[in-house]
Amino acid sequence: MLGENHDLFHEFPEYKDRIAELKAADPQFTGLYDEYHSINDEVERIELQIETPSDAYTEDLKKRRLHLKDEIYAILRKVARNGALA
């Protein structure tokens, strides 16, 4: 929604430190993180009407963002449960 912050640090404040650790130590996580934020930035530009693609394209972006968020959350939970980054 317009005006909502979907940055991962806002989405998962309880995992703020873990996100930073994983970004520094895990290239796969970093790739997911970067892709999530790239898509999120594009969605924000669309919501601000800086870009005006089709509704179908926008919905596809939002679905991809949600899928990435789910993947990232699963990694965060797994690492928190195991207590290690590996």
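Structure's up top.
The rules behind the values
Residues numbered from 1 in each chain as written. Predicted model: local features only at pLDDT ≥ 70, side-chain atom pairs only at ≥ 80, totals over all residues. Heavy atoms only, no water. Axes fitted to C-alpha atoms, helices over the stretch in contact; angles between N-to-C directions. Helix = DSSP H or I, 4+ residues; strand = E, 2+ residues; numbered from the N terminus. Parallel < 35°, antiparallel > 145°, perpendicular 65-115°, else oblique. Contact = heavy atoms within 4.5 Å. Nonpolar A, V, L, I, M, F, W, Y, C, P; charged D, E, K, R; others polar. Core = buried A, V, L, I, M, F, W, Y, C linked by side-chain atoms within 4.5 Å. Buried < 20%, exposed > 50% of the residue type's maximum accessible area, 1.4 Å probe, protein only.

Undergrad: Sorry if this is basic, but what is going on with the packing of helix 2 (residues 16-25) against helix 4 (residues 55-82) here?
TA: For any two helices packed against each other, one specifies the inter-axial angle together with the distance between the axes. For the pair helix 2 and helix 4, the least separation of the axes is 11 Å and the interaxial angle reads 100°. Classified by the angle their axes make, helix 2 and helix 4 are roughly perpendicular. Of the residues in helix 4, those touching helix 2 at R18, I19 and L22 are I75, L76, V79 and A80. Of the residues belonging to the contact of helix 2 with helix 4, the class tally is six nonpolar, no polar and one charged.

Undergrad: Looking at this structure, how should I read the nonpolar core?
TA: Grouped burial of nonpolar side chains is what soluble globular proteins tend to show. Residues L8, F12, I19, F29, I72 and L76 are the most contacted members of the largest nonpolar core, which totals 17 residues. Listed by contribution, the elements that provide at least two residues to this core are helix 2, helix 3 (27-47) and helix 4. The element that contributes the greatest number of residues to this core is helix 3, accounting for seven residues.

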